[in-house]
Structure formats: structure tokens, C-alpha cells
Number of protein chains: 2
Amino acid sequence: MSGQVHEFVSAALGQRKLTLLIKNANLLNVYTGETYEAAIGVYKKRIVYVGPDSGAPAASNSIDARGLTAIPGLIESHMHVESSMVTPSRFAEAALPHGLTTAFADPHEIANVMGKAGVKAMVEDSRGLPLKLYFYAPTCVPESKAVTSGAELTPEDIEEMLGWEGVWGLGEVMDYPAVLNGSRKISRILDSAITRDVVIDGHAPLLSGRRLNAYIASGAEADHENFTVETTMEKLRLGMYVKLRGPYVLDAQRFTDALKTIPHPYNLIFCTDDVMPDNLARLGHLDYACRAFMQAGMDPVEVVRSATLRPALHMRMPHLGGIAPGRIADILLLEDLKKFTINLVIANGVPVAKDGRLLVQIKKRILDGPARRTMKLGPLGIEDFRVDPPMRNGPVYVNTVDFGESNHEDKGKAFAEMILTRLSKAKVNVVNGKLSLGETALVFVFERHGKNGGKAFGFVRNLIKNGALATTVAHDAHNLLVVGTNPEDMCTAANLVIRSGGGIAAVRGKETLARIKLPIAGLMSDRSLIEVSKDMDNLRRAFKTMGVLDHPYMPLPSLLALSVIPHARITDKGIFDVDRQRFVPPFTN
Amino acid sequence: MSGQVHEFVSAALGQRKLTLLIKNANLLNVYTGETYEAAIGVYKKRIVYVGPDSGAPAASNSIDARGLTAIPGLIESHMHVESSMVTPSRFAEAALPHGLTTAFADPHEIANVMGKAGVKAMVEDSRGLPLKLYFYAPTCVPESKAVTSGAELTPEDIEEMLGWEGVWGLGEVMDYPAVLNGSRKISRILDSAITRDVVIDGHAPLLSGRRLNAYIASGAEADHENFTVETTMEKLRLGMYVKLRGPYVLDAQRFTDALKTIPHPYNLIFCTDDVMPDNLARLGHLDYACRAFMQAGMDPVEVVRSATLRPALHMRMPHLGGIAPGRIADILLLEDLKKFTINLVIANGVPVAKDGRLLVQIKKRILDGPARRTMKLGPLGIEDFRVDPPMRNGPVYVNTVDFGESNHEDKGKAFAEMILTRLSKAKVNVVNGKLSLGETALVFVFERHGKNGGKAFGFVRNLIKNGALATTVAHDAHNLLVVGTNPEDMCTAANLVIRSGGGIAAVRGKETLARIKLPIAGLMSDRSLIEVSKDMDNLRRAFKTMGVLDHPYMPLPSLLALSVIPHARITDKGIFDVDRQRFVPPFTN
């Protein structure tokens, strides 16, 4: 608002025409909890008048909002743009119609590929978008020493990024063991954030009691890793902003019922974290979470506050999150509050989407240059997928990473159980020097950042039943991960991804069942979200026929290489026993 | 917490001994609204553990809080230290036993006397106190062009002060007409604050509708000028932090009842603004407001939030305002929550007051140097109080500034009416060249900052009935104001104040009825608050016998020179018609 104070003042006084006047709206007032009829006057980016229609200044444009409920634009305080597989500008295009007007994103996916340059690229791609996108400085790149990532962020890098315009806080401090163990690196990073007095986002799955207290004492203000009602309640009581991800991974009804047992959850926030492109296209973004909590019977005012006022307070941005003078004019007009059906989205004072359709042209940006050259692998040959068993014939024992499906009735617990693997052993037959895999599938991870050309292989169960899947969306280092039941399909799939400069490919019997080209950092496309979501639909269909372990929130192969999730993972360096923090060989006794 | 993250983490984990453990407390949890038994573990300045007694780490000191309710230390977000007539360190001594552990003060009184140097002196006197004192940069020094102040603060000065450690936000933007009229100076000041993204405190008495919208659109986030329920409700709805001053100037019952009619006043805060020394000694500080709203039947959790969590959110200090890990260990143990009786005050992890008595020694600081040399007037003679009527004998008309007592049943409205004056005319007889004043009293204002040696006189009614009162506590320019019914007493009173280097003196028939020496900037003493409050008691008693118009919140003579309050004032430059923004002569037709 700098330099413009008097414009807003004089517009409020009626000395210059409002640029937009919303008349006869049912205003849901997040500050008082009341809903009443009001006019909302906007001048350029700001709201300058809220009050009776009769007192409103004249306007050059007006909207009759009779029958519609006005709420503030939605604010997402914990998410990763990359998970939607499109660039920030494409994400904005897709998310604005869902009422998202501000988002704070942790670009740690691209940072693992490109380091500071990746963060910079995201910041630059986001500049001037009608969706206000702010970024956190990622804290844990790489996620551990068990992987080779494309880049490493040092405490100095983080300190530098915290000074960039568009970077607003410290990203989820994922390495909670390091926090608890007093790692020098993480302590320095936390110190930087505390000295700069910026928001510190947290990540504390399953922590409780003293360990949770200790983690919060380090300065972490928020946590989105809420799978169970019990830990959520504990975090609320301990003053964290508790970010509930909505029905992608938790049961809104269960949480709503539990939250009704406390007088007032002052620090409740909704977030999305990761939204796959198909989900964003079909179910929505933060609006989907709001809808689910509405349906579960949460007080509508609390639902709205959890996605507007409270994230604004958490992010220390008092000019966001409310419909009041001086606030940025981010306003949603809802047809039905409880169904959370959005009629019109106004961002920065401009109507940007109506009935789910974008009204404005978003200048397509070029996220070009180095971001398109992150695939440092050349074409692979079948020999790259060769496994030499320790004998020519007979049974051999292998270490396997086993996924187990969970049928827990609690959605949150079910997902939490599903992502946990088990390190196990399997007997595999060798016939004439070739493995006869049976129910066991093969995994290859190729370091693809041009760092050391490393690769590793291992065995996995209950992840894929036939064909092969290759992907550079392989958290967090995003190397080339290939899982499959035969080397031929694996090689074909891998080369499809390599040729695209990154992405995902599903192959069976030489047939390409599905493919998503993600040439930007191997993570994102600059095609529209709708196009990418169609590819994702195909991929999910292919997963079904291939028996790939999928979850609406995220297909499980993407998490196979994530070396910080218990109990075992496979990275470019080998099969990693997360609990014991050591590698194990593929073949064993 | 910089550099100490791991200390807090390891203390929470039980790897080092807590410095203090509070056991068996009834914790009022401001984040959930629950009250339950808990242990609170402190390491140095921070809370590091909150949870069951059984899980608490070992401690080198512990307190059994059975039967006591633990709430966060009180946070004052709008006040002026100078009003209590003592230095910051003396204020801390007096306010800590009342549970005040953090305060944001606008030093605009001393700034009017000494400019930036005054602000700097306040910041320095506050450094390292157990009461965390932060300052706002004063925005309106001087309050208008109708006075001569000791200093002027330019937009550049304010910009500079916003960069000082210990300065945390823009002080109440009092000159709301300038905001509404688009004054270049105030716009530049607001722009500085917006660019620096600091809290902007407001001041919007009686504004409503478009004008209130316009004022808020300028960026002001809060307002403490709440005299009526109606404007308070309007401000709450418009997203301001509404700061209620408590029963010094408003009727807690009336406000409590009104606030119950809205679902949830999210932005409600309590503050004190100005607390006279006698009130602080007798009634308390922010605890007095809490007590009053408790007694009026406000939900105790909301009362506590209004003085702890919400001011912390408003000030964007998430490490304050709650009892949770990572927060500064400011904790009150209450004997009775609803009576708000404080047993123990813990500030920065250290017990500092018990049963109203200070437990720690506060290092007496020397607020010396230029602050003690602000009285630039030498002794006055009787001739300085001479008034020459335009004739030797006969009636003459004079312009008078009339105070009117208000008997309004609403305390807030009563005070608001009481401070408003009326510009009127009176007939005064002249006998042998001397005025026979009758019910009219004489006022002299002497510029005392060594700027121009200016002085002015005028006539006032209903402010004093006999004797004379001289004071340098004369908002906001704090010149030497002398009101009285005869020049002799006026001269005596004035010289007493001059000899003290500032202060207040009440004289009748050559007898000194009361005197408060305030040698620091003519506003403060470095004696203890108890000593100063005894002087204030004497002064209030003298006021009764002298018929001086007094109010518990503030004696009315202190406001006679405040040139921004309608409708007429008397400054060192003359009798000022506030409504018409012009001076009028003492004698008229």
C-alpha cells in the first residue's frame, strides 16, 4: 500500500470513485462471527468500505450480491506447488477458481533438484500473479545423507533466502530428529529464523509428550502432520497452529467431533500440503477441505476462520484474511455457505473467476533456462537394469522393502500406516543366472543430477504387480526411480522419462500405458493443470491394471526413496534401513 | 532465543535441569479455552514443557501451585509510561506485582519535550528490565501547529526510530483529521510503517461510517478511544483491534453485556492508556481492567485472552501471550481467577512478585543528563501574570474556555463529554484597571522549552474555584500551564514548579497545598511510584478544596492545552478555537 495511503482514504470518503462495489452481500464477519447484509467497497487492491449499502461511496463498477455470502479469500499456509505438477503461474490459474487467493509454499521439491536457483525460479514465476504466492525457505535439502540430491542448502543459503522478497518464513523443519538431537546445522538454521523474527513452519509427525514439547521449544510454530485426533489435540494445547489437511488424508468428521469437545480451538487452520493435479481439477484445493468440515458440521464461522483469518494471523499478515477496510480485496461470494459453492472469486480487487471459470488471462511465464535442463542422464540400455545374483541357479535371499496396505477405519491412521514400510527378507529363485522374481519387484534408483552417476537397486513388495513405472517425482531428491517386474519395461519407462527431461511413465509389454512429461526440474509442466490432470487420470488407470499401490493423496512409489520415513527406503545409494540409519545389501543370507 | 535453541530443546527432553518447575497448577489454556491440571517447566527465559506432572523433567527449583490458576503474564499494547509520572524502571517496579510482564508504550509525552533524545532515553531506561517494555515511534509530535512543543518529529525521524532496537511499531496516529485530509506528512509516516511492515496503532475517537472506514483504510490496526458501545461494535466489525481501557473511563458492565450479543469478539483487547500514580498504587494496572470485566460476567477465558494472547497476536509476537513451549516464561498464578487475585508473578522465567510485593531488586537507572534540564524558564515575577484590560473601569467581554461536568450515566460518554470544552463569552468587571474575575479563572501558558519564550493567557470556567495550579503535565506540548483565581497564587505555584525542573504545584493564599516534583522532562520522577502516588493523593485532596475539576482517569487541567480536542483550548500561542482552527483574542466585544 506504500505511497498510496491517501488514495485509499479518499476513496473511502467518496472523493474518488470506488473501482468495485459489492452490494447486498451477506457478509460473514470473521472478526465478530456475525453474518449481516453489507456493501463492500473496493479501490484498486484494497477494501476501503464495509457498511450499509446506503452509505457506500459511488463506484465505477458494481456487483449485486443479493443471496450470496461474502467471505475472505482462502489462504493456504502450508503447501508445495510442485505436487500439483505445474508451474506457479499454471497453479494460480487452476487454484484461483477454487477461491485460493494467497498461498505460502515450501519449494523444497525444486530446491532438492536445483537448490537456491530453483527457489529463485519459483519466486520469479510467481511475481505479479493474481494469486499471491509467498515462499518458505526450505530447511532440509537434502532430506538426509542417505541420498544424492541435485543441490544442498546450507544455513548460509537459508539465511540469504530469508532476505529475498517473496520469501516469508522458514519452511517445515522436517528433520525433527536433528532438532531433538541438537544438530549444529539445524540449530543454526533455527537461529537465523529466530533472529530475523520470521514464521517457522514445523513438521512433527507422531511426536508427543516431552519430545513434542522439545520440538516446539525449538521455535516451530505450526504442524500439518496430523493423522490422529489425539496428537492434534496435544499440539493445539501446546500452542501450535494445527493445520488439518482435509479429507485427502484425514477424516473430517472424526476431527470435527473431537474439536467440539474443547471450548475453542484458537489455532486451528486448514491446509492442503500436496494436491495431485487430478484432485485439484476434480475436488478442488483448500475449498475442498472447507467443504468437508462444513459437511461434518463444524461451525461455518470456524470453518471460514480456519482458512482465512487464522492463517493470516499465523503468517503475521494483518492485511489479509478479513473483509474490512485496509485489507487486500480478496473476497469470495458463495452461493451456499454450507456447501461451500463459490460463485465469484475476487483477488486484489479484481474478479478473477466465476462459477469455477477463470475470468482473467494469466500471462504465461517461461520457467526456462536451467530448470529445463535438470535431467542429466543419457539414454539407458537394458544392461543398466541387469542384476547379477550371487549364483547361477538356486534360491537366494534378498532384503525387501515391503509396503502394507492399511484398512484402518480412521483415514488418517490408514494413510500413516500405508506410507510406513517394513524391511524384510524374501526368497527368490535364480534360474540360469536370471532372477525369477515372483511377487517381488525390482527397483532401480539412478542419480540423475549429474553429481556422481550413482545407482542402486533393491527389491520391493506390494508396490507393483506387473509392468514398470519410472518417475522423477521421487521425494525428496527426485532422482530417477524405476520400479517394475521386468528389466525390459523398466528400461523403456526410464527412457521415456529421460527423453521428456523428467516426468512419469508407465509401461507394460512395451506398451506405454501412461505418461506425464514434467520437463521443468523433472517435477512440473507448463501445460495447463487440466491437461496434466488428464495425464494423471490415465496414470491412475494404468496403476490399477498394473497393481501399483496408489493413494488419492499420493501414489506410494513417489515415497519409496524418501529416506526419512520409517522403516526402509531405497535411494540412489542403496537400500536404507531408516531405523538403524544404515544401508543393507540387496542380497543376503 | 537466538543461539540457544538447543538449550531449550535439551531441557525439554530432560537432558538438563529445568530452572523452574511449576507443579499441580490449574492451567487456563488460552489456545483451547480449557482449564486442567498441568505442570509448567521453565528453562531460563522460556517455557519448555507443559504437560502432566508425571512427565515433567527434573528441575533445580519447583513451586507447588495446587489450588492456583496459571495464566500468561499480562500484555499492555497501548499505554504511556509518563502518565504514571515515574521512569520506566520505576514503572516496572510498580506494574510487575500487578502481573504486567510486557508493555508497548508510546513515549509521545517525553517526545514532545525532548524529541528523539527523549524516546532514546526511554528505550535505554527500559533495557534489561524484567518487565519487557517496547516502544512505539510517536507520530504526532507536536500535536498541531497551535502549540510550541520542545521538539518536532519529522517523517525522517520516525523512519529512523522504527529502525531502533526496542521500537516496535507506529504509535497512535492521533491526527486523524490529517489522515482524512491527506496531509503529506502523515501519509509519509504511514508509508514508512507500511513499508517496514510494522504494527500501526490508531486513535479514532467518535469516528464512524465512511470516516471510520477511511481511517482504517489508512492502515491503522487498533483503537483505544472507545467511549461508547456503538462505535466499539462498529470498530470490531471493521476488523480493528478494539482496546478497552477498563473502568477508569468506561463501564465494564455495559460493554460486557453488549459484547455478549455477538458470537465472538475476535479482536477484543484490554489496555490502560494512562494510569495516574495513585490509581496504579491503589487499583492496579491491566489487572484492574481484567478484574472489572470478570466481575461484569465476561467469560474468564475471554478476559484472559484480551490481556494476553490477543495483544500478542496484534503485536505479531507469537512467543508471548500463552503458556506453551517456546514462549517466554511470563506466568501468573492466581489465587482466584474471577476475582483476579494474583499470588505470584513470573517474568522471563523468574518469580518477580508475590502477593503484590516485588521479589527482585530492579537496578535503579539514572535517567539523567538532558532529561533533567528541560525546564528552560527562570523564576517568574508577579508582573508575568499581569493582564491589561482594554479599559480602566467597566464591564468587558472575554472569550472563555468552559468545561462542563457531565452526569451521563454511561461512564464512557460522561468522560468524553467532560473533556470537551466550549468556547464561550463572559462579562468581567474591570475596577481601577484590575479584573474582577468572579467565576472566571485566569490561565497562563508559558513556553518552557527555550524555543521562543512565548506566553499567552486566557479565561476558563468551571475548572478551578480558588487558589492556583501550575503544571508541566500539560498535554501534549507540556509547557508550563498555570490556572488560578489570582496572580499571586499563580506566580507562587509556577515558581515552585520551575524550581523543581517541572512538576505540579497547588497553592492557595501563599500556602502550598500539594506538590509533585517531576524533574525528568517535567513529566516523571525517579522516586518510587508509592512516593509519587502519595503526592498525587495530596494533590487530589487539594483539588477538592480548590474546586479543581478532577477525574479519576486524569485531572482536567492537564488537557486544557491539548489543541486537538474540541472545542477550545489555550496554548502558549493563545486561545484556540479547535473547530475553526484559529486563535481568538482574550478580550472581545
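Residues numbered from 1 in each chain as written. Chains lettered and ligands numbered in written order. Predicted model: local features only at pLDDT ≥ 70, side-chain atom pairs only at ≥ 80, totals over all residues. Heavy atoms only, no water.

### Regarding the overall build of chain A
Helix and strand counts for chain A stand at 17 helices and 29 strands. Taken against the 2.2 N^0.38 rule, which gives 25 Å for 589 residues, the C-alpha radius of gyration of chain A at 25 Å falls within 12% of a compact globule. The C-alpha extent of chain A, read off along each of the three principal axes, is 90 × 50 × 45 Å. Per-residue burial over chain A gives 68% buried out of 589 residues. Long-range contacts, defined as pairs at least 24 residues apart, comprise 70% of the intrachain contacts of chain A with a sequence gap of at least 6. Total accessible area on chain A is roughly 19400 Å²; 49% of this is exposed by carbon and sulfur atoms. (Helix = DSSP H or I, 4+ residues; strand = E, 2+ residues; numbered from the N terminus. Rg over C-alpha atoms; globule rule 2.2 N^0.38 Å. Buried < 20%, exposed > 50% of the residue type's maximum accessible area, 1.4 Å probe, protein only. Contact = heavy atoms within 4.5 Å. Areas by Shrake-Rupley, 256 points an atom, 1.4 Å probe, with all protein chains shown as cover.)

### Comments concerning the sheet that holds strand E7 (residues 100-105) of chain A
Residue and element names in this part refer to chain A. On the basis of which strands lie adjacent, the open sheet formed by four strands has the order E6-E7-E8-E9 and parallel pairing. Single-partner strands in this sheet number two, and they are strand E6 (74-79) and strand E9 (167-170). Each neighbouring strand pair of the sheet contributes to a mean axis angle of 25°, computed without reference to strand direction. In this sheet, strand E8 (residues 132-137) lies alongside E7 in parallel orientation, the contact comprising four bridges. Note that in E8 the partner of Thr102 across the bridge is Lys132. Against the sheet, helix H5 (residues 155-162) engages E8 and E9, with an angle of about 135° to E9. Across the face of the sheet, helix H12 (residues 286-295) comes into contact with E6 and E7 while running at roughly 105° to E6. (Pairing = 2+ DSSP bridges. Axes fitted to C-alpha atoms, helices over the stretch in contact; angles between N-to-C directions.)

### Things to note about empty space enclosed by the protein
Scanning the model with the defined rule gives 11 cavities of 30 Å³ or more in all. Of the volumes computed, that of the largest cavity is approximately 180 Å³. Around the largest cavity, the lining is made up of 16 residues, and of these A:Tyr241, B:Leu313, B:Met317, B:Pro318 and B:Arg327 lie nearest the centre. Broken down by secondary-structure element, the contributors of at least two residues to the lining of the largest cavity are helix H14 (309-314) of chain A together with helix H14 (309-314) of chain B. Of all the elements, H14(B) adds the most residues to the lining of the largest cavity, at three residues. (1 Å grid on protein atoms, 1.4 Å probe; cavity = no way out; pocket = protein on both sides within 12 Å on 5 of 7 lines; lining within 4 Å. Points joined across faces, edges and corners; volume = space filled by probe spheres on them.)

### A few points about the side chain of B:Asp278
Residue and element names in this part refer to chain B. Of note, Asp278 is situated in helix H11 (residues 277-282). By relative accessible area, Asp278 is classed as buried at 3%. Filtering out sequence-adjacent residues up to four positions away, Asp278 remains in contact with Leu283, Ser533, Met536, Asp537 and Arg540.

### Overview of the interface of chain B and chain A
Across the contact, 65 residues belong to chain B and 65 residues belong to chain A. Sorting the residues of chain B by area buried against chain A places B:Arg210, B:Arg237 and B:Tyr266 first, and these three jointly supply 15% of that buried surface. At the boundary of chain B and chain A, one finds two salt bridges. Linking chain B with chain A are 22 residue pairs in polar contact (both at pLDDT 80 or more). A total of six residues in the side of chain B that touches chain A trace back to one element, the largest contributor, which is helix H8 (residues 209-217) of chain B. Tallied by class, the residues present in the side of chain B that touches chain A amount to 34 nonpolar, 20 polar and 11 charged. (Buried area = accessible area lost by both parts, 1.4 Å probe. Salt bridge = Lys/Arg side-chain N within 4 Å of Asp/Glu carboxyl O. Polar contact = N/O pair within 3.5 Å; in protein donor to acceptor, adjacent residues only side chain to side chain. Nonpolar A, V, L, I, M, F, W, Y, C, P; charged D, E, K, R; others polar.)

### Focus: the packing of H5(A) against helix H7 (residues 184-196) of chain A
Residue and element names in this part refer to chain A. Running from amino to carboxyl end, H5 crosses H7 at an angle of 20°, the nearest separation of the two axes being 9 Å. One way to sum up the angle between H5 and H7 is to call them roughly parallel. Both H5 and H7 take part in a crossing whose hand is right-handed. Between H5 and H7, the contacting residues are Pro155, Glu156, Ile158, Glu159 and Leu162 on the first element and Lys185, Arg188, Ile189, Ser192, Ala193 and Arg196 on the second. Within the contact of H5 with H7, the residues separate by chemical class into five nonpolar, one polar and five charged. (Parallel < 35°, antiparallel > 145°, perpendicular 65-115°, else oblique. Left-handed = near helix turned anticlockwise from the far one by under 90°.)

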